[in-house]
Every structure is written in structure tokens, then in C-alpha cells.
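Given next are the chains, with one letter for each unit.
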Amino acid sequence: MKPDRARRLAEAACEAGLVLGLVALPTAWRALDGGLVAVLAGMLLALTAATYALHAVTFDCFLLTGQRARRNLGLTQRKD
């Protein structure tokens with residue numbers, strides 16, 4: 001795996017873990033058992049995959065169109 005992809009995957013896993021940690025874990029902490037741990041692990045994998053895909057599409061689009069190098073972000077800059 002290329003370092004850039006590994007970094008994206010690590011970022012996606014951290015973001016998914018942060019979301020689950022802030023939203024689902026406090027609610028589910030009292031009823032935590034094997035089945036719920038499996039559900040939370042599945043949610044972590046699904047959120048990680050979705051976040052990784054979103055990052056990959058966004059950054060690959062920037063690389064393919066050259067917008068990252070030019071700092072041309074389209075609608076975010078005003079043209080006076």
C-alpha cells in the first residue's frame with residue numbers, strides 16, 4: 001500500500017472512531033456485550049470505508065484536474 005493511501009486509511013479510521021466514540025459509545029456503554037461490540041465494529045468498518053472512499057475521490061479528483069497545485073478551488077474564491 002502506498003504511503004498516501006495508508007495515511008488516508010488511518011485518517012478515515014480515526015474519524016470513524018471519533019464519531020462512534022462521541023455518538024454511539026456513551027449510549028451503548030451500559031448495555032455493552034458481545035453482540036453490541038460486533039455491531040459497533042461493523043459500524044466502524046462501514047464508516048471507515050465510506051470516509052476513505054470520500055477522501056480518495058476528493059483528493060484523486062484534485063490530483064487529476066490539477067486544482068490542488070493551482071490552489072483553484074472554484075466557488076471558494078471571489079473574482080472581483
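The structure displayed is predicted, hence computed values, not measured ones.

Moving on, we come to the UniProt feature "transmembrane region" (unreviewed entry) in the protein chain. The positions UniProt marks with the feature "transmembrane region" (unreviewed entry) are residues 12-32 and 38-63. What you have in residues 12-32 is 76% helix and 0% strand, and the ends, taken at the C-alpha atoms, are 24 Å apart.

Looking at the element boundaries, Arg8 is found in helix H1 (residues 3-23). If sequence neighbours within four positions are ignored, Arg8 has contacts with Tyr52, His55, Ala56, Phe59 and Asp60.

Let us look at the pattern of salt bridges. As enumerated under the stated definition, the model contains one salt bridge in all. Of the charged contacts in the structure, one is a salt bridge between Arg7 and Glu11, with a shortest N-O distance of 2.9 Å. Placement of the pair is Arg7 and Glu11 together in helix H1, with a separation of four residues, close to one helical turn.

Scoring rules and cut-offs
Residues numbered from 1 in each chain as written. Predicted model: local features only at pLDDT ≥ 70, side-chain atom pairs only at ≥ 80, totals over all residues. Heavy atoms only, no water. UniProt positions renumbered as here; feature names shortened; annotations may be inferred. Helix = DSSP H or I, 4+ residues; strand = E, 2+ residues; numbered from the N terminus. Contact = heavy atoms within 4.5 Å. Salt bridge = Lys/Arg side-chain N within 4 Å of Asp/Glu carboxyl O.

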